[in-house]
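Spelled out from the first residue to the last, the chains are:
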Amino acid sequence: MAILVDENTKLLIQGITGKNASFHAKLMKQYGTKILAGVTPGKRGETIEDIPVFDTVFDAKANYPEINTTSIWVPPLFAKDAILEAIDANIKNIIVITERIPIHDMLYARKKAIEKGINVVGGNTPGIISPEKALVGMLPRKTFRKGHIGTVARSGAITYYLANTLNLAGYGESTSVGIGGDPILGMTFGDILKLFDEDPDTHAVIMAGEIGGVYEEMAKETIKNMKKPVLAFISGRYAPKGKRMGHAGAIVEGNLGTAQSKIDALREAGATILETFSEIPLRLKELNILP
Amino acid sequence: MAILVDENTKLLIQGITGKNASFHAKLMKQYGTKILAGVTPGKRGETIEDIPVFDTVFDAKANYPEINTTSIWVPPLFAKDAILEAIDANIKNIIVITERIPIHDMLYARKKAIEKGINVVGGNTPGIISPEKALVGMLPRKTFRKGHIGTVARSGAITYYLANTLNLAGYGESTSVGIGGDPILGMTFGDILKLFDEDPDTHAVIMAGEIGGVYEEMAKETIKNMKKPVLAFISGRYAPKGKRMGHAGAIVEGNLGTAQSKIDALREAGATILETFSEIPLRLKELNILP
Amino acid sequence: MRLYEYEAKALFRENGINIPESLLIDKNVQWDILKTHITYPAVVKAQILTGKRGKRGLIKIVSSKEETAQAINTLMDTRIDGMIIEKVLIERKENITEEYYLSITIDRMRHKPVIIISHRGGMDIEEVNKTFPADIYKYYKDVGEKLQPYEARKIASIVNTKRKSLLNLANIILTLYNKLFLKFDAKLVEINPLGRIENHWIALDGKIDIDEDGFIRHPELKEQGIQLRHEVGELNEREKKAKASGIPYVELDGNIGVFPGGAGFGIASIDLIAHYGGKAANFMDSGGAPTQERLKTMLGLLMDNPNVKVIFGARFGGISRCDDWAKAVCEYVLTNHPKKPMIMRMTGNMEEEGRKIFDEAKKQHPEYFKHIAVYSADKPIEEVIKEAVNKAKEV
Amino acid sequence: MRLYEYEAKALFRENGINIPESLLIDKNVQWDILKTHITYPAVVKAQILTGKRGKRGLIKIVSSKEETAQAINTLMDTRIDGMIIEKVLIERKENITEEYYLSITIDRMRHKPVIIISHRGGMDIEEVNKTFPADIYKYYKDVGEKLQPYEARKIASIVNTKRKSLLNLANIILTLYNKLFLKFDAKLVEINPLGRIENHWIALDGKIDIDEDGFIRHPELKEQGIQLRHEVGELNEREKKAKASGIPYVELDGNIGVFPGGAGFGIASIDLIAHYGGKAANFMDSGGAPTQERLKTMLGLLMDNPNVKVIFGARFGGISRCDDWAKAVCEYVLTNHPKKPMIMRMTGNMEEEGRKIFDEAKKQHPEYFKHIAVYSADKPIEEVIKEAVNKAKEV
């Protein structure tokens, strides 16, 4: 088992004719991800890496009804529309690579997704990998190795360093999820942690957050109720101070958003707080999680 | 029993400070309708016929939580907002006296009402009366007499003539409902007929429609499934011909909307077709419905 | 209220939808303009709110200044369905590859907007609907939401197999829905034919029907010279007077003047008069709670109509009160001393007060009320109608 | 991106919200204008993107031309939080009956817009939130829907007990939500204080924060002279250069130059350097898939910074490929022959190709690569950081 993507993933690529999308389509395919179709409006009939291109998600789905996952690579001002199209076509997992999607757009898209019970990951996610099963996105495939640690991080590079650190110590990943770096995300830490908690192949979860936003703090209740141990790495303790959203932000969010508020919340929830990558194997062993 | 309004009706009047609303507030009160409050934004603290006036429906409901019905008398371009306010305050029956509400506005308001399971009657309804129980709207109270015939009509005056005709022959009404004369309505014939079919005090129903629109034809399936007899009066057989909604109208609605299409549909559903008011008592007797 | 083709097309152009190069001509045309401004062949189209202009010879193809002038002369000032052609539109004739049909209207059964599209556009779309129903695609849209670009692409891709023009067609659908249909309270927006020229699309005709009840909130339409209008054919003097007063009034070919309450009973009373062997002279609607001025104008229209022999009147007081009605009728009678018999009935809200007003006026001037009967609730409405029908046969 | 007070107020005025009579002054002011155009007493307000201007003496009340000139002289060109005051706003001082607080922002936990209102407006609203939390009312609104007028009236009526100004206040709330917050991709719209003068309301201050990622779709803002801006304090030469190239770059007080991949690891590496006893000299973000030009500019910034003794670099190739990165670094080295030690690590997508590029360049010019180490996945990242920290101590 794994979460979100696995050997049963049948992938669509929205925006497939773009430079990054077509390059990573090739890498994903090489990894073994089953890519059935791509979409770029007006490019029906073309192929990219032998993948057929359609005008609309509906066309693609009509031709490949087994599509159950899509990845979105369109420019930021078109991302909302692409997500809505995938939701309307009832694709259960939507992985949004596009970065810098306007906040109001993403709020609307995530609302529609939740109404229909659809998983949206991102925007600005490097993707998701379940090693030896499927890779969706642009994570460096060689970095990840099959195993029993679930990881979830906001930053792409940190997702890679976590895997790299785990692998050097003999561990591997059940699934590594980049939840994305945009200010408003589809699934948040709590949503992913719940999936890991239910996944029999995952024995422990490492989450990596950073200053800004409230998604780390929001995971508190989920972690309290989890059966599996959670290790948390929060970066930004020494970062230059960010700006706040005026008085309104303070009224709505209080003092959330700092590295300390995140560390406090996660520690209180029972997570093991990490200060470095290199201590991860030690902490896992303390928790009796072996490779 | 009765439908929609009865002795348990606790009424709010939206737009109470208007000329017609305040005049009919007095008449309704004289009839015995329990009017708890009125709303006109900016007029909080005033009274009309000893009825307290509030700024918002929420204020009124906070002070009189037992309000279960509202009537709307505001100008047409404010009607949508007034209906939405009543829906948001969860008032179960909304009777819209206002006429000439823009079509797009009414489509939106009725959708929101249906989503929340709220009854909207009108726009452009003369109101609803359950004789000796309650009157909401501006129907002439003396015209109606308690009895066992339910009536539902698009035109105000025809509602009155139906009652007048019934009463002269010794019959009376369980409830008389004006569904309204606007092109888009909240509840349609079918909705009201269902309520009458479930009302033990109603022995037969008279519906009065007219050329234009499709609400008479839409009642066909309901009538087929009813336990109680339905008599139907359709006017407009000799009326000047109306215009159609272009080709699009023909594609969507086919030949619906004429007096003949309505008469055919209702006859096929099993309704007794009336040509005059004066034959009503004869037809009722043929159906074994006695006063 | 329907817009003229040239008005609809101006809205299209403003919103980025292609229309043919054109010239709008009215009576004050400088003929010189025809020489300099027109590319031939061209199409001369009567601007009139009626359908099937092609079949009725109201659209003419011309290829010279002389033919254009002749076409304009033939069309201008012609009466069609009681309307007069006051303007013609001259357009460059486009070389169309294909003709599509595209419209947005409201499905009153589903209570939803519907976008209708077909690659079989042109004059006979209703025929296509019967013979090739599968070639007409309908997309239903939830109320209160803008059309999303992906929906427009979906609709466009279903009918359009020429992939390069997909995005252009989708943009037209999006514009029509969000910037015209939703924005302007439209009941109908239609382009038929929507022409394709290679990868471009062009609106060769345009129909827009605005909800009269929403018109007032669109000052931008008024700024473009589009006035609130009620669709009517050619009007006689009385109909014009009624229109000026905002009274729905249509003359029919009978002799019983109908002075009813609302529109609903107005329509029913025409049927009932027919049922009892008579013929109504008009349809009329007082509207809810009419002013006394309005009621007097309504009565005056019937008195002025020489075909009217008898007046049948009915007031069932609801929102419109009997006392107001009685006051208006009495004042009219006392001022104008009408000779035509008036068979009427009055009951409902404020009936007693109304009755008193009649009694008072009659007591003062019984001579003016000799031909006037005002029955009450105890006389069934159909008895009153029968009496009017019989009286009309006598006169 | 925050707007200046005068920019926010111009948007208010355009949308029918009252603001005080005012005059915007910049360095080129003609002093004569102060005599003719100002009603005294007046308020002179520094236009600068920082809070608590009142407490910091950046708002001055004046009652004569002389005082005004003096206030302008004091404020203009002053440096605050690293920013320079380049404009001041002179406003008529209004006689306010009451001060309210009104704002709209996004609740990132509920993922919904929230309207916040209080009758206790003024400078200390955060204090009010702590001491009188019941006096701050929050109205959550569903995403994707316009605020309906009744909702605005509900919000207004909850805080406002003076009934005559209810509709005016509701209109301001409606305008703020539908015509500013929703329309312009705002993250924050705030009026504090919102003054009441009898039955009228007036915006005495205005804060608008636009989502940078949505800014491009609002050409109307650009037409008003509002430029895309990133909030930064006073910049040194290198920071200015970074800003001009669109590179997020902030200098810190350490000596280890950080040349990272994305922002996330950039932040983490500052922490890790601190953890191992070093101090980072900067924060920097390459962005996803940076161009080689951008990478070379980034390296140049660190080389130019005299505080930087050692460079710590890391590339974990994802969307950003190792080969592109290697090419950029090698070209920079071959062109500029940098002397500072570079302790780096490269792994991920296209690592082999990247490795070849380094090997090739080093083979050709080993002399330029003497101080440069490029480790791979087999050396943990923290070992690389430790090495950089130790190297910095040596230098």
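Please read these numbers as outputs of a predicted model, since none were measured by experiment. (Residues numbered from 1 in each chain as written. Chains lettered and ligands numbered in written order. Predicted model: local features only at pLDDT ≥ 70, side-chain atom pairs only at ≥ 80, totals over all residues. Heavy atoms only, no water.)

**Here's the deal with the overall build of chain A**
And step 1. Of the regular secondary structure elements, chain A holds 11 helices and 14 strands.
And step 2. What you see for chain A is a C-alpha radius of gyration of 19 Å, in line with the 19 Å of a compact globule of 291 residues.
And step 3. Overall, chain A is about 55 × 50 × 30 Å in size when its C-alpha atoms are taken along their principal axes.
And step 4. Taking all 291 residues of chain A together, the buried fraction comes to 66%. (Helix = DSSP H or I, 4+ residues; strand = E, 2+ residues; numbered from the N terminus. Rg over C-alpha atoms; globule rule 2.2 N^0.38 Å. Buried < 20%, exposed > 50% of the residue type's maximum accessible area, 1.4 Å probe, protein only.)

**Considering the packing of aromatic side chains**
Two numbers describe a pair of aromatic rings. These are the distance of the centres and the angle of the planes.
And step 1. Per the stated rule, a full pass over the model turns up 28 aromatic pairs over all chains.
And step 2. Ring geometry for C:Phe259 against C:Trp325: centres 5.8 Å apart, planes inclined by 20 degrees, an arrangement best described as stacked. One end of the pair, C:Phe259, is in strand 14 (residues 256-259); the other, C:Trp325, is in helix 12 (residues 322-336), with 66 residues separating them in the sequence.
And step 3. Classification of C:Trp325 as buried rests on a relative accessible area of 0%.
And step 4. Taken together, a centroid distance of 5.8 Å and an interplanar angle of 20 degrees make the contact between D:Tyr4 and D:Tyr6 stacked.
And step 5. Of the aromatic side chains, those joined through ring pairs into one cluster are A:Phe144, A:Tyr160, A:Tyr161, A:Phe233, A:Phe277, D:Phe265, D:Phe312 and D:Phe316. (Phe/Tyr/Trp six-rings, centres within 6.5 Å; stacked < 30°, edge-to-face > 60°.)

**Things to note about the interface of chain A and chain D**
And step 1. Taken together, the contact pairs 61 residues of chain A with 66 residues of chain D.
And step 2. Between chain A and chain D the total buried area reaches about 5500 Å² when both faces are included, carbon and sulfur atoms providing 64% of it.
And step 3. Joining chain A to chain D, the criterion identifies 4 salt bridges.
And step 4. Put simply, D:Asp213 and A:Arg100 hold a salt bridge, and the shortest N to O gap is 2.6 Å.
And step 5. If you look at where chain A meets chain D, you find 18 residue pairs in polar contact (both at pLDDT 80 or more).
And step 6. Every element with two or more residues in the side of chain A that touches chain D is listed here: helix 1 (19-31), helix 4 (103-115), helix 5 (156-168), helix 7 (215-218), strand 13 (230-235) and helix 9 (246-253) of chain A.
And step 7. Its residues assigned to classes, the side of chain A that touches chain D shows 34 nonpolar, 14 polar and 13 charged. (Contact = heavy atoms within 4.5 Å. Buried area = accessible area lost by both parts, 1.4 Å probe. Salt bridge = Lys/Arg side-chain N within 4 Å of Asp/Glu carboxyl O. Polar contact = N/O pair within 3.5 Å; in protein donor to acceptor, adjacent residues only side chain to side chain. Nonpolar A, V, L, I, M, F, W, Y, C, P; charged D, E, K, R; others polar.)

**Topic: the interface of chain B and chain C**
Interfaces are often sized by the amount of accessible area the parts lose when they come together.
And step 1. Contacts between chain B and chain C engage 61 residues on the former and 65 residues on the latter.
And step 2. Together, the buried faces of chain B and chain C total about 5500 Å²; carbon and sulfur atoms form 64% of this surface.
And step 3. For chain B, the biggest contributors to the area lost against chain C are B:His104, B:Tyr161 and B:Ile251; these three give 13% of the whole.
And step 4. At the junction of chain B with chain C, the criterion picks out 4 salt bridges.

**Brief notes about the arrangement of the chains**
And step 1. Left apart from each other, chain A and chain B have a closest C-alpha approach of 14 Å.
And step 2. A gap remains between chain C and chain D, with no contact made and the closest C-alpha atoms lying 9 Å from each other.

**A word on the domain arrangement of chain A**
Residues and elements named next belong to chain A.
And step 1. One can read the domain layout of chain A as domain 1 (10-121) and domain 2 (140-286).
And step 2. When each unit is reduced to the centre of its C-alpha atoms, the spacing between domain 1 and domain 2 is 26 Å.
And step 3. In this assembly, 14 residues from domain 1 lie in contact with 11 residues from domain 2.
And step 4. When the two sides are added together, the surface that domain 1 and domain 2 hide from each other amounts to roughly 1000 Å², 59% of it contributed by carbon and sulfur.
And step 5. Three residues, Tyr-31, Arg-110 and Val-121, lead the burial of domain 1 against domain 2; their summed loss comes to 43% of the area buried on that side.
And step 6. Put simply, domain 1 and domain 2 have 0 salt bridges between them. (Domains from an automatic or database assignment.)

**Concerning the pattern of salt bridges**
Here the idea is simple: oppositely charged side chains can pair when their charged atoms come close.
Residues and elements named next belong to chain D.
And step 1. Using the criterion set out here, one finds 90 salt bridges over all chains in the structure.
And step 2. A salt bridge links Lys-45 to Glu-5; the nearest nitrogen and oxygen atoms lie 2.5 Å apart. In this pair, Lys-45 sits in strand 2 (residues 42-47) while Glu-5 sits in helix 1 (residues 5-14), placing the two residues 40 residues apart along the sequence.

**Here's the deal with the packing of helix 3 (residues 76-88) of chain A against helix 4 of chain A**
Packed helices, taken two at a time, are described by their axes: the angle between them and the distance between them.
Residue and element names in this part refer to chain A.
And step 1. Between helix 3 and helix 4, whose axes approach to 9 Å, the crossing angle comes to 5 degrees. Classified by the angle between their axes, helix 3 and helix 4 sit roughly parallel to one another. Across the interface between the two elements, Lys-80, Ile-83, Leu-84 and Ile-87 of helix 3 pack against Asp-105, Met-106, Tyr-108, Ala-109, Lys-112 and Ala-113 of helix 4.
And step 2. Looking at the contact of helix 3 with helix 4, its residues break down into 7 nonpolar, no polar and 3 charged. (Axes fitted to C-alpha atoms, helices over the stretch in contact; angles between N-to-C directions. Parallel < 35°, antiparallel > 145°, perpendicular 65-115°, else oblique.)

**Considering the sheet that holds strand 11 (residues 173-178) of chain B**
All names here are of chain B.
And step 1. Pairing in this open sheet of 7 strands is mixed, and the strands run 9-8-11-10-12-13-14 from one edge to the other. Strands at the two margins of the open sheet, each flanked by one partner only, are strand 9 (134-137) and strand 14 (272-274). Direction aside, neighbouring strands of the sheet carry axes that sit 15 degrees apart on average.
And step 2. Sheet topology note: the strand 8 (residues 127-130)/strand 9 ladder contains 4 bridges and is antiparallel. Within strand 9, the position partnered with Gly-127 by the bridge is Gly-137.
And step 3. Sheet strands touched by helix 1 (residues 19-31): strand 8 and strand 9. Its angle to strand 9, the strand with the most contacts, is close to 170 degrees. (Pairing = 2+ DSSP bridges.)

**Structural notes on unusual backbone geometry**
And step 1. For the bond from A:Gly122 to A:Gly123, the omega torsion is 5 degrees, close enough to zero to count as cis.
And step 2. Structurally, A:Gly123 can be placed in the loop between strand 7 (119-122) and strand 8 (127-130).
And step 3. The residue after D:Asn192, namely D:Pro193, is reached through a cis peptide bond having omega 5 degrees.
And step 4. Mapped onto the secondary structure, D:Pro193 falls in strand 10 (residues 186-197).
And step 5. Residue B:Asn124 is not a glycine yet carries a positive backbone phi of 65 degrees.
And step 6. By secondary structure assignment, the location of B:Asn124 is in the loop between strand 7 (119-122) and strand 8.
And step 7. Since its relative accessible area comes to 23%, B:Asn124 is described here as partly exposed.
And step 8. Of note in the backbone geometry, D:His111 takes a positive phi value of approximately 55 degrees without being a glycine.
And step 9. Here D:His111 is to be found in the loop between strand 7 (98-107) and strand 8 (112-118).
And step 10. When its relative accessible area of 7% is taken as the criterion, D:His111 is described as buried.

**Notes on the pairing of strand 1 (residues 22-25) of chain D**
Residues and elements named next belong to chain D.
And step 1. Only one face of strand 1 is buried: it carries Leu-23 and Ile-25, and the other face, with Ser-22 and Leu-24, is open.
And step 2. Bridge count between strand 1 and strand 6 (residues 87-92): 4 bridges; the pairing is antiparallel. Note on strand 6: the bridge partner recorded for Ile-25 is Val-88.

**Overview of a nonpolar patch on the surface**
And step 1. Side chains of A:Leu77, A:Phe78 and D:Ile216 sit close together on the surface and give an oily, nonpolar patch of about 320 Å² of accessible area.
And step 2. Topologically, A:Leu77 is positioned in helix 3.
And step 3. Note on A:Leu77: relative accessible area 33%, which makes it partly exposed. (Patch = residues over 30% accessible without salt bridge, like charges linked within 9 Å, V, L, I, M, F, W, Y side chains within 5 Å. Areas by Shrake-Rupley, 256 points an atom, 1.4 Å probe, with all protein chains shown as cover.)

**With respect to helix 6 (residues 189-198) of chain A**
And step 1. Taken together, the buried positions of helix 6 of chain A are occupied by A:Phe189, A:Gly190, A:Ile192, A:Leu193, A:Phe196 and A:Asp197. Down the axis of helix 6 of chain A, the buried set is contained in an arc of 160 degrees. They therefore lie on one face. (Arc of directions from axis to C-beta.)

**Quick look at the sheet that holds strand 6 (residues 93-96) of chain A**
Residues and elements named next belong to chain A.
And step 1. Taken together, 7 strands build an open sheet; the order of strands is 3-4-2-1-5-6-7 and the sheet is mixed. Edge strands, defined here as strands with exactly one partner in the open sheet, are strand 3 (47-48) and strand 7.
And step 2. Pairing geometry for strand 5 (residues 69-72) and strand 6, over 4 bridges, is parallel. In the sheet register, Thr-70 faces strand 6, and the bridge partner there is Ile-94.
And step 3. Running over the sheet, helix 1 touches strand 1 (10-14), strand 2 (34-39), strand 3 and strand 4 (51-54) and is turned about 165 degrees from strand 1.

**Considering the pairing of strand 14 (residues 256-259) of chain D**
All names here are of chain D.
And step 1. Residues Ile-256 and Val-258 line one face of strand 14 and the alternating positions Gly-257 and Phe-259 line the opposite face, and both faces are buried.
And step 2. As paired elements, strand 14 and strand 16 (residues 310-317) share 4 bridges and run parallel to each other. By the bridge assignment, Val-258 is partnered in strand 16 with Phe-312.

**Thoughts on the environment of D:Lys340**
Residues and elements named next belong to chain D.
And step 1. As for its placement among the helices and strands, Lys-340 is situated in the loop between helix 12 (322-336) and strand 17 (342-348).
And step 2. Between the C-alpha atom of Lys-340 and that of Leu-302, which follows or precedes it by 38 residues, the distance is 9.5 Å.
And step 3. Apart from the residues within four sequence positions on either side, Lys-340 is in contact with Leu-302, Met-303, Asn-305, Val-308, Lys-309 and His-371.
And step 4. Of the polar contacts made by the side chain of Lys-340, one reaches the backbone oxygen of Met-303; its length is 2.8 Å.

**Digging into the state of the cysteines**
And step 1. By the definition in use, this model includes 0 disulfides over all chains.
And step 2. Summary of cysteine pairing: C:Cys330 is not part of a disulfide, and the nearest cysteine sulfur, belonging to C:Cys322, is at 12 Å. (Disulfide = S-S within 2.5 Å.)

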